[in-house]
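Listed below, chain by chain, are the residues.
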Amino acid sequence: MAVITEDIKKEVRDIVLDFFAEECEVEKSEINDTTHIFNDLEGDSLMFLELIEIFKKKYNLNIDLKTIGKYSLKHPVRTIGELINMQILIVEHENNIINLD
Amino acid sequence: MVVGCGIDTEERLRFSKHLSDFEQSEFISMIFTELEKDCFKTFDVELCVPIAFCFKEAMFKALGNSWTTSGIDWKDLEIIFKKNPTEKEFEIKISGKAAEMLADIGNPQVISNYEFNDETAIFEIILNNE
């Protein structure tokens, strides 16, 4: 289990914001925790998967889409803030995220 | 009686960055099974991948869900092209949670079709019970 520092939290946030700013062609400053990924940014599954790929590579994570899918069933991700929180948990717990409440 | 339908379309260009190193692509390996990857390599990955991605998304929708709201794994949904995708001879394999969900609605017939041009791919699925 990785130790999540404030630096890592900031890094995860920056990766998510930079990614959506580029993919959705919006200013990074226009995206915040309450921004709705699908309604406000017109994000889609492909973007979501690409972002997971970025995190898998960067942090060398052992995480399966199946696990993320099961986790998302209980913890739906609709906003940028929810997505950042989930990514931080994935970096911290990898496939063990499924064992969290 | 139609018990579900799903349709998905994608820009083919969006997949190109994942195809330059198809064998090593983490993105491709997350979504597609080894059987699918071998099949795609036999034909045309630049065409097979967008069609196959649309198939999976269309099936999620036909089952009334997305992958984050269904518990279905992307690899539970397989499409195997029997010939070059231009010939439209393919087989669909459903397993895991997706198979359970189909069983729950009476194992409907899966009617499927796809189209593509240079820019886009589109896949449609109708789940039909007699």
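The structure displayed is predicted, hence computed values, not measured ones. Residue numbers run consecutively from 1 along every chain, following the written order of its sequence. Chains carry letters from A onward and ligands carry numbers from 1 onward, assigned in written order. Per-residue local features are limited, in this predicted model, to residues with pLDDT of at least 70; the limit for side-chain atom pairs, both in listing and counting, is 80 or more; totals at the level of whole chains, interfaces and linings are taken over all residues. No hydrogens and no water enter the side-chain calculation; it runs on all heavy atoms of the structure.

A look at the overall build of chain B
We count it as follows: For the purposes of this entry, the term helix denotes a DSSP run of H or I that reaches at least four residues, the term strand denotes a run of E that reaches at least two, and both are numbered from the N terminus. Our radius of gyration is a C-alpha quantity, and the globule rule it is checked against amounts to 2.2 Å times the number of residues to the power 0.38. When accessible area is computed with a 1.4 Å probe and restricted to protein chains, residues below 20% of their type maximum are described as buried, those above 50% as exposed, and intermediate ones as partly exposed. Note on areas: Shrake-Rupley, 1.4 Å probe, and residue coverage restricted to the protein chains presented here. His is not counted, nor are the chain ends, whereas Lys and Arg count as positive and Asp and Glu as negative. A charge is said to be at NZ when it belongs to Lys, at CZ for Arg, at CG for Asp and at CD for Glu.
Broken down by element type, chain B carries six helices and five strands. Seen in sequence order, chain B has helices and strands lined up from the N terminus as β-α-α-α-α-α-β-β-α-β-β. Computed over its C-alpha atoms, the radius of gyration of chain B comes to 14 Å, within 12% of the 14 Å expected for a compact globule of 130 residues. Each principal axis of the C-alpha atoms in chain B carries an extent, and together these give about 40 × 25 × 25 Å. Looking at chain B residue by residue over its 130 residues, the buried ones come to 48%. Carbon and sulfur atoms make up 48% of the accessible area of chain B, which amounts to about 6,000 Å² in all. The positive charge centre, built from 13 side chains, and the negative charge centre, built from 25, are 2 Å apart in chain B.

Regarding unusual backbone geometry
At Glu42(A), a position not held by glycine, the phi torsion is positive, near 55 degrees. Position of Glu42(A) relative to the elements: it lies in the loop between α1 (6-23) and α2 (45-59). Residue Glu42(A) is classed as exposed on the basis of its relative accessible area of 64%. The backbone phi angle of Asn107(B) is positive, close to 45 degrees, even though this residue is not glycine. Among the structural elements, Asn107(B) can be located in the loop between α6 (96-104) and β4 (109-116).

With respect to the packing of α1(A) against α2(A)
Each packed pair of helices is defined by two parameters, the angle between the axes and the distance between the axes. Residue and element names in this part refer to chain A. How we decide: What counts as an axis is a line fitted to C-alpha atoms, over the stretch in contact for a helix, and the angles between N-to-C directions run from 0 to 180 degrees. Crossings are sorted by hand: turned counterclockwise from the far helix by less than a right angle, the near helix makes the crossing left-handed, and turned clockwise it makes it right-handed. Here, two residues are considered to be in contact whenever any of their heavy atoms come within 4.5 Å of each other. Gly is placed with the polar residues, together with every amino acid not listed as nonpolar (Ala, Val, Leu, Ile, Met, Phe, Trp, Tyr, Cys and Pro) or charged (Asp, Glu, Lys and Arg).
Where α1 meets α2, the axes come as close as 11 Å, and the angle between the chain directions of the two elements is 145 degrees. Between α1 and α2 lies a crossing whose hand is right-handed. From α1, Ile8, Glu11, Val12, Ile15, Val16, Phe19, Phe20 and Glu23 reach across to α2, where they touch Met47, Glu50, Leu51, Ile54, Phe55, Lys58 and Tyr59. Its residues assigned to classes, the contact of α1 with α2 shows 11 nonpolar, no polar and four charged.

Observations concerning the environment of Glu23(A)
Counted only if it meets this: In the analysis that follows, any N or O atom pair within 3.5 Å is treated as a polar contact, provided that within protein one partner can donate a hydrogen and the other can accept it, and provided that, for residues neighboring in sequence, both atoms belong to side chains.
With respect to the helices, strands and loops of the structure, Glu23(A) is situated in helix α1. C-alpha separation for the pair Glu23(A) and Met86(A), spaced 63 residues apart in sequence, amounts to 20 Å. The residues contacting Glu23(A), other than those within four sequence positions of it, are Met47(A), Glu50(A) and Lys17(B). There is a polar contact of 3.4 Å between the side chain of Glu23(A) and the side chain of Lys17(B).

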